[in-house]
Every structure is written in C-alpha cells, then in structure tokens.
Amino acid sequence: MKIKFIFILSLTTTLCVAQQTVNIIPQPVSIQQQSGNFILTGNTAIQYNPQQKGLKKVAKFFNLQLKNTTGFVLPVNTSLPATIQLSIEKLATIGDEGYNMDITSKAVTIKANTTAGIVYGIQSLLQTLPAIRTNAKLEIPCMSITDYPRFKYRGMHLDVSRHFFGPELIKEYIDLIASYKMNVFHWHLVDDQGWRIEIKKYPKLTSVGAWRVDQTDKIWGSRPQAKPDEKPTYGGYYTQEQIKEIIAYAAQRNVTIIPEIELPGHVASAIASYPQLCCKQQQQFPLTGGNYTGMSSNYCAGNDSAFNFLENVLTEVIDLFPSQYIHIGGDEVDKNPWKKCNRCQARIKKEGLKNEEELQSYFIKRIEKFVNSKHKKIIGWDEILEGGLAPEATVMSWRGENGGIEAAKQSHDVIMTPGKPVYFDHYQAGPEGEPIAIGGMNTLKNVYDYEPVPKELNAEEAKHVLGAQANLWTEFITTAEHVEYMILPRMPALAEVVWSPKENRNWNSFNERLQNHFKAYGEKGLHYCPGNFTVNIRPFSQNGKLFVNLSTEILNGEVYYTTDGTEPTLTSNKYSAPVEINSTGLLKASTMQNGRIMGVQAARQSFAMHKGIGKNVIYANPVSRYYMADGSNSLTDGVRGTGTVGKFWHGFSGKDLIATIDLEEAKNIQSLALGCLQNYNDWIFLPQSVKFETSVNGTDFEEVQTVNNLISINEKNAKFDFKTSFPAKTVKFIRVTAKNNICPPGHNGEGKPGWIFADEIIVD
Ligand code: ACM
Ligand code: ZN
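Structure report, in brief. (Residues numbered from 1 in each chain as written. Chains lettered and ligands numbered in written order. Predicted model: local features only at pLDDT ≥ 70, side-chain atom pairs only at ≥ 80, totals over all residues. Heavy atoms only, no water.)

Structural notes on the nonpolar core
A general trend in soluble globular proteins is that nonpolar side chains are found buried together. The condition is simple: Nine residue types can take part in a nonpolar core, namely buried Ala, Val, Leu, Ile, Met, Phe, Trp, Tyr and Cys, and a core is a set of them joined through side-chain atoms within 4.5 Å. In this scheme, a residue with accessible area under 20% of its type's maximum is buried, one over 50% is exposed, and one in between is partly exposed, where area comes from a 1.4 Å probe on protein chains only. The way it works is that DSSP assigns letters per residue, a run of H or I at least four long becomes a helix, a run of E at least two long becomes a strand, and they are numbered from the N terminus. Contacts are assigned to residue pairs that have any heavy atoms within 4.5 Å of one another.
Membership of the largest hydrophobic core comes to 115 residues, with the highest contact counts inside it found for I170, W187, Y299 and L494. A per-element tally of this core places helix α8 (residues 304-320) first, with nine residues. If sequence neighbours within four positions are ignored, L494 has contacts with G155, M156, M182, V422, F424, V447, A468, Q469 and A470. If you look at the next biggest cluster of nonpolar residues, it comprises 35 residues, including A59, F61, L126 and I140.

Below is the structure:
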C-alpha cells in the first residue's frame, strides 16, 4: 500500500515531466498537477483584502523576493487580468503553518489560516518559477497544492562565537532557511571565544569579551595561549538595535530566533570581561581562538553574584527576544574548577547535593526558575539531564539520540539534533578536496535518511519530539561563502525530513528536484557542495559467500571499480550487481558522472580471505555495543577495518580481547594474525601484546607465540597486524588474547583504561 502511494506521488511530481517538473523542496503533502501554465509578468497583480491583518506586509515581502530574482515589482490590489490572490480563511486540517494553493492559467490563489501559511505558499510559488529567471518566460505549471508541516520545530543553528558573522550574513542565513520552510534560527551568541550580544548593564561583555587575539593564520586546534600584553583585535558583536532589526526580519519570514546564552560553562568570554564571576576570581589572559588552556571558562556555582549577573543578562535578553524559549546551553561543563572551589563546595554542602553533577543541575534549575518567572521556557543541551532535569526544560539531544529518548520518557519536550547526521560542521564529502571540517562524515543522503522520532519511543512519548535541528559550529568556518557551502544542500534535505510527511520522502525524487535548486544557487551566486562522489562500499555475506554492494549518492552517477589495487577508469568494471569477493586484495571504486570520473580519490576497501572466514567467534569479554562493526563475527568476515574508527572495527573498552574461533573441522595452518588500530585522540591503543594459542579439542590450548607491541603508545594513528608464523600444524580451535592498554601520561584520560579495536583474525 505504502509503495503504491509513493509511486502515485512521484507520478504527480516527476512524471509530469511531460508538462513541467515541479521542484518544490520540501516536498508538499499533495500536488495535483493540471495542464496549462500561469505566466507571471510585470502585469500580474497581487490582490488581498486590506482588512486582513498582516497581508500588506506579506505582499511587500513577496514583491521583495520577486524583485531580487526577477526584477519585477507587482502592482498591488489593482484590477488586472492575471492575479495572485492572498487570503486568510478558516481551513480545516492544514493547521497554523499550512496553505492551499491553486494555480490556473488566469490566477494563483493562496489560502491559509495565518500569514505564516501564506508566506509558505509564496515560498512554494517562488520555487515553481524557472531557476534561471533573467530574460526567461516565467511559466508556472497549473496545479493544486495542499501543504502543512510534519513537525512544529524545524531548526537551524549558527555559532557566531567561534567566528563573528555580521548582520548581513545573519539575514542571508535566515532568508535561506526560511525559503525551505525552516522556522527556528538558534543563534549561538555566547561561547568561550567571543560574547556577541550587547548587554547594556555589562558593557565589558562586548568591549572585552567580543574580541580576541588574531590567530586566524593558525589552525584552530593549534593556537597558543595569548600573552598578557597581546592586543585582542579580532571579533565583533551585535548591538541591541541590530538584533531588533534581525528579529523583525526573521518574523516576516515566519522564523523565530532562539538566543543561546551559554551557561554555566563555555563562558571564557564572560570571565575575561568580569573575572570575579569564576571560581578563581582572577584576571584572565586575553581571549584566543581554539585554545584557552589555563583560562577559567565556568561561572562559579557557589557565588550568588554570578547568578545575579546572569539574571540581569537574561532580563535584557528576554526583553529583546519575543521567543517563547531561551536556550541556556549547559553542555560540556568542566567540573574541575568547581571541585577545587571552596564556594562551590560550600554550595554543595548547604544544598545537600551529592556531587558536581548535582551542582550543575542546581545551577540550571535556579536559572530555569528565573526564566520561568519571566514567562519563558528554557532549552538546554542534553547534559542538563545529568544530576536531574529542571522541571520544565526542553532538551536538545546532540550526543546521539539517547538524551532525547530519556527526556521524552520523562515527559519532557525534546529537539533532536544528533551529531550524526545533523552536525553540519562535519564533512559532507571527501574529505580529500573538501575544506577542513570537524570530525566524521554527514553526507547529504545521511541527512535525508534521518528519522527524528526514535523507534524506542511509544506514540505518547513520541509527541514530545517537537522536531529536529542542524547545528553549524564555526571553528573552521570564517566566511559567508563557507557557511553557504556547509548548509547547501544539507539544509534542504533536513527541511524535507522535518516538513514533509514521512511517506512522501523519496531520495531519488529529492535528488532530481535538487538539480534545479543547484541551478538557482548558481544563478544567485550561492556556494554549495555539488555532492558526495565517494562510493559507498558495503560488504555483506550471503550463503557463506562475501559480496560488496557499491552505491553513489550522485544522481545518475555510475560506479566503476577495480579489484587489483589500480585506480578505476572508464575502462574498468562498471558496477551493476553485487560483486563476489573471493581473494585477498584491495577494491577501489569511483563515481562517474557525465562521462567523467569524479572525486579526488577512489573509495577503497581491503579484504582478507583466509581459513577462518565465516567461522563462529566466542568472546570471553563482550564487545562494546557501540562498536559492533557488522555483527558478532566481524573478526572472521574477511572485511578489513578502514582508517576511521567507526567502520568494521570491534571495540573493547577497558578489557582484554579474548576471542576463540571454532574452525568446525581440523585444518592445517601455519600463520595467525590479529589486525588492530591505534587512534590516540579517541583513546584507542594497540594492545600491549597478543597471545596466539591453538587447540584440537577446545579445552587444552597450546601457546604458539605472544607478539609484543613495538609501536609507541603516543603515535597518533596506526594500523598494525600482530602476526605469527610457525611450522604447519592441524588444529580445530584458535584463541587470541590481546592485552588492553591504559591511557599514557599526558593523555586526556591518563591512567584510565583505553580501548582495543580489532578488525580481523587472519588464519592461514
Ligand atoms: C555541543 O555540540 N557542544 C552542543
Ligand atoms: Zn566556584
């Protein structure tokens, strides 16, 4: 039934290619296309009833958008043969943000319950115009659209602390997100590296806290602490007048701005301005980007004057922003300063708190009480769950979905914004050939496939998921062009996730519609990522055989591959069906588009065929549920781990890896190996040693060899096969014991247990 529905939908949207394709993103609830066109000219009139409040402004907004892209400014409420009619009515089913739009050859009629709905109708109408509009005939296919959103919270975040972006970029960002019917702009105004909002009562927040020593010539993570006499000259902030103007600009586009006033951590900028707010109460170094070692970055939780300061700040913020929500941060608080502070410890004692987690909870609850007293609600990052959730708080789940699940189960509202896949500061392609970005890979398709309601929630709990949001942290992003590049086209993909009915989502249809948006970006001079050309290599087993599936996200892209380690070319194998892997080697695959091999580097995957393939592995200590690779027998699947942590590795935390393979029948073998990974920053270390043993009965084991690790524990990245060779012997069982390491001196986790990551036990 469902499949049929999707088919019908794609008929209405793409089969009408015979007429003109409708490329609206996000996909509307329903489109019925009819024959014929409406032609928009400078002689088309916008008509509305002036008695209907707000429509004058909406018409002005419409004309502004038209002027920017077509040069037309349409006459308003004039009698002309062709009209665009805007009308507020009482309509069932479409809610506060929905609209109905009818397009005939004579008239466009947009009806909605609110001006927000009318604005969304206009956004859809604008998207039906040709992408290239200069000197073009502006034909719009005749159709009827019914449309309304799936989620009421459809957010985009921007960090303006790590780099300051002026009001012009903020308006452009709002325009862009609004054009895809996103309705919340989460403005991250405060962080360690810059305080960006004028607070009249505390002028130093912006005269001191908005500026840092210019180190833009150095990579973010490698910037040194500034010296006391260095001059902070890099930064900026928004005046309250500028903010008011931006709020009004956003409101016209049905975008609510939620300001984030980060607390109690990530506030080195506030502490640099007013040192008495932190536990040490000492003058700080000038601010720098990327490194604030030695600086305090928390408010003192034992000092009432810190709360008094925050209440004064929040009062000005609340007076400025009409939003129902104020985001108070709450993430990544380093509790160490609180552990060493007499005031904080006295607070813990006086309030009967158990520890610093509860002190953080006390902090947030006290702030929430104040915010609630002003008839506003707080949102916090999911760390606010630790030590007990504030009674009315809404949780933003960023460290995966667990925080959101837990909060919804506690009957709190949640906004889903998990690092994977909606942190848009991550790579979307490459990483070869891409601008430097943070961490892993969130491709366009990863975003498109995101489902904001976790299956762990029942129907009642699921109602607490207000929607989803993507976050753009800007450690590595310094220009408007780069901001555009990171959100286009991932933001349109998220827009379809949060707006369109789940059953209307269709990757191929989205990808096709997107091509027209790419043209429009080009026309407008917007920067965007043309796609992830890296082939997705997915190994799988079937009937005891190993295959790979190769796919590309690129529309009409084809995949070419080799299995002999050479670079794929147009004369290599063209992929059409899963490829069987039956020998040890390296597979490389590339995407071909329009007759050219695309991307900077071919995707690659190593395989090891050996006598243990497909055999059962029993672990003495369980594999971490976070690093299960492709299942329990990942160590005998022939698939080697890639350089990145996530794929094809089995992880063991704080325990030895002790794996026994049952070969099912006696086999003649003469070498054994265990493949391991080291990734210092992720606490993954090569084992201290690996012991190989064999047995004929599964009870009595004989040691073959213990191979010691000779690679330094301080090496940042390493892949190593611990290997032993011996005179051939006949065995039925193999036991491998890899000894876990602890984090070395100077490491973040010094003295704590590390991880072992292993990808394959190779039996030959
Ligand atoms: C966050 O990314 N620290 C919320
Ligand atoms: Zn303190």
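Quick word on the packing of helix α4 (residues 167-179) against helix α16 (residues 480-487)
So the rule is basically this: Fitting a line to C-alpha atoms yields each axis, with helices limited to the stretch in contact; the angle taken between N-to-C directions then spans 0 to 180 degrees. When an angle is under 35 degrees it counts as roughly parallel; over 145 it counts as roughly antiparallel; between 65 and 115 it counts as roughly perpendicular; any other value is oblique. Handedness of a crossing follows from how the near helix is turned relative to the far one, being left-handed for an anticlockwise turn of less than a right angle and right-handed for a clockwise one. When residues are grouped by polarity, Ala, Val, Leu, Ile, Met, Phe, Trp, Tyr, Cys and Pro land in nonpolar, Asp, Glu, Lys and Arg in charged, and all others, Gly among them, in polar.
Closest axis-to-axis distance for the α4/α16 pair is 11 Å, and the angle between their directions is 20°. Classified by the angle between their axes, α4 and α16 sit roughly parallel to one another. In terms of crossing hand, the pair formed by α4 and α16 is right-handed. Note on element contacts: α16 touches α4 through A480, V483, E484 and I487, opposite L169, E172, Y173 and L176. Of the residues in the contact of α4 with α16, the class split is six nonpolar, no polar and two charged.

Overview of the packing of aromatic side chains
Here is the rule: Only Phe, Tyr and Trp rings are paired, with Trp represented by its six-membered ring, and only when their centres lie within 6.5 Å; those with planes under 30 degrees apart are stacked, over 60 edge-to-face, the remainder tilted. Criterion for a charge above a ring: Lys NZ or Arg CZ within 6 Å of the ring centre, and within 35 degrees of the ring normal.
Scanning all chains against the criterion turns up 30 aromatic pairs. Seen in terms of ring centroids, Y423 and W473 are 6.4 Å apart; in terms of plane orientation they differ by 45°. Their pairing is tilted. Highlighted residues: Y423 in the loop between α13 (419-422) and β18 (426-427) and W473 in the loop between β20 (465-470) and α16, separated in sequence by 50 residues. Relative accessible area serves as the criterion here: at 6%, Y423 is assigned to the buried category. A network of ring pairs unites the aromatic residues F164, Y173, F185, W187, Y238 and F321 as a single cluster. A cation over a ring is seen here: R366 above F307, with NZ or CZ 3.9 Å from the ring centre. The ring of Y680 carries the charged tip of K716 above its face, separated from the ring centre by 4.2 Å.

Notes on the coordination of the zinc ion (ligand 2)
Applied cut-off: Each metal's donors comprise the N, O and S atoms found within 2.8 Å of it (within 3.2 Å for Na, K or Ca). Water is not part of the atom list, so some coordination spheres may appear incomplete. The rule is simple: four donors are tetrahedral if all their angles sit between 85 and 135 degrees, four are square planar and six octahedral if opposite donors span more than 155 degrees and the others lie between 65 and 115, and anything that fits none of that is irregular.
For the zinc ion (ligand 2), every protein donor is listed as C279 (SG), C300 (SG), C341 (SG) and C344 (SG), and the spread of their distances is 2.3 Å. Taken together, the four donor atoms coordinating the zinc ion (ligand 2) and their angles of 107 to 114° define a geometry best described as tetrahedral.

A word on the sheet that holds strand β22 (residues 545-551)
As a reminder, the rule being used: At least two bridges found by DSSP between two strands are what make those strands a pair.
If you walk across this open sheet you meet the three strands as β21-β22-β25, and the pairing is antiparallel. The sheet terminates laterally at β21 (536-542) and β25 (579-581), the two strands that pair on one side only. Taking the axes of each pair of neighbouring strands and ignoring which way they run, one obtains an average angle of 35° across the sheet.

A word on the side chain of N303
To keep it simple, the criterion reads: For this analysis, a polar contact is any N or O atom pair within 3.5 Å, provided that within protein one partner can donate a hydrogen and the other can accept it, and provided that sequence-adjacent residues contribute only side-chain to side-chain pairs.
Of note, N303 is situated in the loop between α7 (268-273) and α8. Relative accessible area serves as the criterion here: at 10%, N303 is assigned to the buried category. One polar contact links the side chain of N303 to the main-chain carbonyl oxygen of Q276, over a distance of 3.5 Å. For N303, the residues in contact, after removing those within four places along its chain, are Q276, Q281, R343 and R347.

Re the sheet that holds strand β5 (residues 107-112)
Pairing is mixed across the open sheet formed by six strands, whose spatial order is β1-β6-β4-β5-β3-β2. The open sheet has two free edges, formed respectively by β1 (30-40) and β2 (44-48), since each of these has just one partner strand. On average, each strand axis in the sheet is inclined to that of its neighbour by 20°, with strand direction left out of account. With five bridges connecting them, strand β4 (residues 99-103) and strand β6 (residues 138-147) associate as antiparallel partners. Bridge pairing in β6 links N100 to T146.

Thoughts on unusual backbone geometry
It is generally the case that most residues other than glycine have a negative phi and that most peptide bonds are trans. A cis amide bond, omega -10°, links L263 with the succeeding residue P264. By the element assignment, P264 lies in the loop between β13 (256-263) and α7. Following K420, the chain continues to P421 via a peptide bond in cis, the omega torsion being 10°. With respect to the helices and strands, the residue P421 is situated in helix α13. Of note in the backbone geometry, T93 takes a positive phi value of approximately 65° without being a glycine.

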